[in-house]
Amino acid sequence: MTRNQWSKFSDRVFQAVGLFTTFFGLAVLAVLLYDVFTDGFSRLNWQFIMSYPSRKPEQAGILAAWGGTIWIMVTTALFAIPIGIGSGIYLEEYARKNRLTNFIEINIANLAGVPSVIYGLLGLAIFARAMKLDRGVITGGMTLGLLVLPVIILSTREALRAVPSSIREASLALGATKWQTVRYQVLPAALANIMTGIILAMSRAIGETAPLIAIGALTYIPFLPTSPVSVSKSAPFVNFTLQGFLDPFTVLPIQIFNWVSRPQKGFLVNAAAGIIVLLLITLFMNAIAIYLRHKNQKRW
Amino acid sequence: MSGETVFKIQNLNTFYGAKQILKKVNLDIPPKAVTALMGPSGCGKSTLIRCLNRMNDLVLNFRYEGDIIYKGTDLYASSVDVTELRREIGMVFQKPNPFPKSIFENIAYGLRIQGVKDRDYLSGVVEESLKRGALWEEVKERLNDSALALSGGQQQRLCIARALAVKPEVILFDEPCSALDPMATAKIEELILELKKNYTIAIVTHNTAQAARVSDFTAFLYMGDLIEFEPTGKMFTAPKDSRTEAYLTGKFG
Ligand SMILES: Nc1ncnc2c1ncn2[C@@H]1O[C@H](COP(=O)(O)OP(=O)(O)OP(=O)(O)O)[C@@H](O)[C@H]1O
Ligand SMILES: [Mg+2]
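Report on the accompanying structure.

1. Observations concerning the nonpolar core
Residue and element names in this part refer to chain A.
For step 1, the next point in the chain: One finds L212 and F249 to be the most contacted residues of the largest nonpolar core, which totals 69 residues.
For step 2, the next point in the chain: Of all the elements in the fold, those that place two or more residues in this core are helix 3 (63-94), helix 5 (116-130), helix 6 (137-161), helix 7 (165-173), helix 8 (178-205), helix 10 (252-260) and helix 11 (265-296).
For step 3, the next point in the chain: Excluding residues within four positions of it along the chain, F249 makes contact with I72, R135, G136, V137, G140, L212, I215, A217, L218 and I221.

Have a look at this one:
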């Protein structure tokens, strides 16, 4: 073979290998999805979605699980989004570049890579034990909040950095203060990208099981956390309470995990159906993130 | 030259870190006239003009020596409120940099951050500023459209109008036409000649023809030194320094 032929040949080989590995990944995914859907699809019905867990697989449902997932996600968001965006803004726009901020930056990047179960242990030690919040929604939410915080900080910084400096200069040259420039120009311009980062981080957190098991989340919960708003027949008619944040909870991945470990076939079907619901939720969140990112690309 | 000198620049040295950019620059910028800062790329034109509204404050390792006296007071005195100063000394940049907002909001921004809320008053200022920026006729029907949909030349006039909206006394232009085609450039130059009746103007350019067309005074900078500062007509007909002459005849730069 001449050199030219050889390089053409190796080009072909590489293409073939690349194609094969790509299809291998897709094929495995397809088999998994097929398996889950054939097992679980028939079980997906209103009764399943609106029932509490039960000892009989055909009566069991995921109401407590998805309800708990929503409670946990809301708590996580309330905790992690303000702190994450705030730190991101501070580090990117205000902090002087020195050893201390350098050290902080490296550690945030490292934290983003720490195994999630470690966060569970941290949440157990700090929120559940030291702060005596026990194993309620708030402990779970803040634990997952810690988990997503580094990712939110990093993506906030990245989004802020993507705003061209010409925008900042334009604002400052008109007599705006630094804060006005950040608040009225930089932040709005970066918001779609920040949201994308947050949603992706949350959609990862939604499937986390290990940290919640580490803090001792229960696997069998036949009720929902107390609703924050309730209506009564006598004055004051509408009642507000934060009790729900202290109530025990379970979440979808824990429920799935619990069912998978049961011997009866019926629970495996339930697990597959639960997985479908979880996948749909993640898919939906990722779709929003992709939409936001796509919409924002047209700028500048 | 009539009236009081607006900027008195005395023995100005500037540094980025250890690197000296401007070397003992002395320059007086007169009121209600166009002063051009001309010179080859990298000679320090932008550095000089960015000292005048203290945009260089944003550069971490920027340092200066000497004095810049603005209307009789030290521009860099600690008592000076930089945000107020920048309202008085507007700036237009090399690349048009409209905010990703509507045309209206671009112009109104400078007033909004000062706390102005009155919609009628804002509308009045937006209209007046766009008229002064020679853009009103082209955009009056679509004030709520995104400013990013305008052409480059229109965007640059929008940026000028935006600077005018906060009622400055001085406008600094840093190569305002270098990203524009000849037609758009001609419009901006015409506008600058109109504006000098009411505003003190400094314009950076490395285009000698542009300096000749729009300016009353020209400063020629070369490698951080101010080589020559003369009325434009005089410099272009009888440059004193051989380097000025070489630059004007296109031998370098
Ligand atoms: N923030 C900065 N940090 C370090 N060096 C800088 C910085 N900004 C500019 N310089 C350097 O200072 C010198 C003068 O830059 P300046 O932007 O003032 O030149 P200029 O005359 O405006 O050139 P041009 O016509 O290319 O815009 C250049 O050598 C440039 O590399
Ligand atoms: Mg420049």
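Past the structure itself, the notes keep going.
2. So, the site of ligand 1
Residues and elements named next belong to chain B.
For step 1, the next point in the chain: Close to ligand 1 lie 13 residues; S41, G42, K45, S46 and T47 are nearest.
For step 2, the next point in the chain: Between ligand 1 and K19, the relevant distance is 3.3 Å, taken from an oxygen atom to a side-chain nitrogen or oxygen of the residue.
For step 3, the next point in the chain: In this structure, an oxygen atom belonging to ligand 1 sits 2.8 Å away from a side-chain N or O atom of K45.
For step 4, the next point in the chain: Its free accessible area being 640 Å², ligand 1 has 64% of it covered by the protein chains.
For step 5, the next point in the chain: By residue number, the principal contributor to the shell around ligand 1 is helix 1 (residues 45-52), which donates 3 residues.
For step 6, the next point in the chain: When the residues that make up the shell around ligand 1 are grouped by side-chain class, the tally is 4 nonpolar, 6 polar and 3 charged.

3. Some details on empty space enclosed by the protein
For step 1, the next point in the chain: Evaluated as defined, the whole model comprises 2 cavities of 30 Å³ or more.
For step 2, the next point in the chain: Of the volumes computed, that of the largest cavity is approximately 50 Å³.
For step 3, the next point in the chain: If you trace the largest cavity, you find it lined by A:A170, A:A173, A:L174, B:G90, B:M91, B:V92, B:F93, B:N97, B:C159, B:R162 and B:A163.
For step 4, the next point in the chain: Breaking the lining of the largest cavity down by element, the ones donating at least two residues are helix 7 of chain A together with strand 7 (89-92) and helix 6 (152-165) of chain B.

4. Brief notes about the environment of A:P188
Residues and elements named next belong to chain A.
For step 1, the next point in the chain: Within the element layout of this structure, P188 appears in helix 8.
For step 2, the next point in the chain: A relative accessible area of 35% means that P188 is categorised as partly exposed.
For step 3, the next point in the chain: Through-space distance from the C-alpha of P188 to that of L160 is 9.7 Å; in sequence the pair is 28 residues apart.
For step 4, the next point in the chain: For P188, the residues in contact, after removing those within four places along its chain, are V182 and R183.

5. Let's talk about the layout of surface pockets
For step 1, the next point in the chain: There is about 730 Å³ of room inside the largest pocket.
For step 2, the next point in the chain: Together, 22 residues line the largest pocket, and A:E92, A:E93, A:K178, B:L58 and B:L60 are the ones closest to its centre.
For step 3, the next point in the chain: Where the lining of the largest pocket is concerned, the elements lending two or more residues are helix 3, helix 6, helix 7 and helix 8 of chain A.
For step 4, the next point in the chain: With 4 residues, the single largest contributor to the lining of the largest pocket is helix 7 of chain A.
For step 5, the next point in the chain: Here the lining of the largest pocket is composed, by residue class, of 10 nonpolar, 2 polar and 10 charged.

6. Points about the side chain of B:K45
All names here are of chain B.
For step 1, the next point in the chain: By secondary structure assignment, the location of K45 is in helix 1.
For step 2, the next point in the chain: Despite being buried, K45 has no salt bridge partner; E175 is the closest side chain of opposite charge, sitting 4.4 Å away.
For step 3, the next point in the chain: At a separation of 3.0 Å, a polar atom in the side chain of K45 contacts the main-chain carbonyl oxygen of G39.
For step 4, the next point in the chain: Residues within four places of K45 in sequence aside, it is in contact with L37, M38, G39, P40, E175, V204, T205, H206 and L221.

7. Structural notes on helix 4 (residues 119-132) of chain B
Residues and elements named next belong to chain B.
For step 1, the next point in the chain: If you check helix 4, its first and last C-alpha atoms are 20 Å apart, about what 14 residues at 1.5 Å a residue would give, namely 20 Å.
For step 2, the next point in the chain: Burial in helix 4 covers these residues: L122, V125, V126, S129 and L130. Down the axis of helix 4, the buried side of the element spans an arc of 125°, and every buried residue falls inside it.
For step 3, the next point in the chain: Among the structural elements, helix 3 (103-112), helix 5 (136-139) and helix 6 are those in contact with the buried residues of helix 4.
For step 4, the next point in the chain: The opening residue of helix 4, the one whose side-chain oxygen lies 3.0 Å from the backbone nitrogen of D120, is D118.
For step 5, the next point in the chain: At the C-terminal side of helix 4, A134 shows a positive phi close to 55°.

8. A look at the packing of aromatic side chains
For step 1, the next point in the chain: One pass over the full model with this rule turns up 13 aromatic pairs over all chains.
For step 2, the next point in the chain: With a centroid separation of 6.4 Å and 15° between ring planes, the pair formed by B:F220 and B:Y222 is classed as stacked.
For step 3, the next point in the chain: Take B:F220: its relative accessible area is 0%, and that puts it in the buried class.
For step 4, the next point in the chain: With relative accessibility at 22%, the residue B:Y222 sits in the partly exposed group.
For step 5, the next point in the chain: Put simply, the rings of B:F220, B:Y222 and B:Y247 pair up and form one aromatic cluster.
For step 6, the next point in the chain: Over the face of the ring belonging to A:Y94 we find A:K178, whose NZ or CZ atom lies 5.3 Å from the ring centre.
For step 7, the next point in the chain: One Lys or Arg, A:R262, reaches over the ring of A:F267 and ends 4.3 Å from the middle of that ring.

Rules behind the numbers
Each residue is numbered by its place in its chain's sequence as written, counting from 1. Chain letters start at A and ligand numbers start at 1, both assigned in the order the entries are written. It should be noted that, the model being predicted, local features are given only for residues of pLDDT at least 70 and side-chain atom pairs only at 80 or more, the latter also being counted only at that level, while totals for whole chains, interfaces and linings use all residues. Side-chain metrics in this entry use all non-hydrogen atoms of the structure; hydrogen atoms and water are not considered. Residues enter a nonpolar core if they are buried and are Ala, Val, Leu, Ile, Met, Phe, Trp, Tyr or Cys, with the set joined through side-chain atoms within 4.5 Å. Type-normalised accessible area, obtained with a 1.4 Å probe on protein chains alone, sets the label of each residue: buried when under 20%, exposed when over 50%, and partly exposed for intermediate values. Starting at the N terminus, helices and strands are each numbered in turn, a helix being any DSSP run of H or I of at least four residues and a strand any DSSP run of E of at least two. Contacts were defined at the residue level, with two residues in contact if any of their heavy atoms lie within 4.5 Å. Proximity criterion: a residue is near a molecule or strand once any of its heavy atoms comes within 4 Å of it. For this analysis, a polar contact is any N or O atom pair within 3.5 Å, provided that within protein one partner can donate a hydrogen and the other can accept it, and provided that sequence-adjacent residues contribute only side-chain to side-chain pairs. Note that accessible areas follow from Shrake-Rupley with a 1.4 Å probe, and for residues the cover is restricted to the protein chains shown. Throughout this entry, Asp, Glu, Lys and Arg are counted as charged residues, while Ala, Val, Leu, Ile, Met, Phe, Trp, Tyr, Cys and Pro are counted as nonpolar. The remaining residues, Gly among them, count as polar. Cavities and pockets were defined on a 1 Å grid built over protein atoms only: a cavity is a set of grid points that admits a 1.4 Å probe from which the probe cannot escape, a pocket is an open set flanked by protein on both sides within 12 Å along at least five of seven lines, and lining residues are those with an atom within 4 Å of any such point. Grid points are joined across faces, edges and corners, and a volume is the space filled by probe spheres set on the points. Positive residues here are Lys and Arg, negative ones are Asp and Glu, while His and the chain termini are left out of the count. Salt bridges, as used here, are contacts in which a Lys or Arg side-chain nitrogen is within 4 Å of a carboxyl oxygen on Asp or Glu. To estimate how far a helix should extend, the number of its residues minus one is multiplied by 1.5 Å. It is the directions from the helix axis to the C-beta atoms whose arc is reported. Each Phe, Tyr or Trp ring (for Trp, its six-membered ring) is paired with any other whose centre lies within 6.5 Å, and the angle between the two planes then decides the class: stacked below 30 degrees, edge-to-face above 60, tilted in between. Each ring is checked for a lysine NZ or an arginine CZ that lies within 6 Å of its centre and within 35 degrees of its normal; such an atom marks a charge sitting over the ring.

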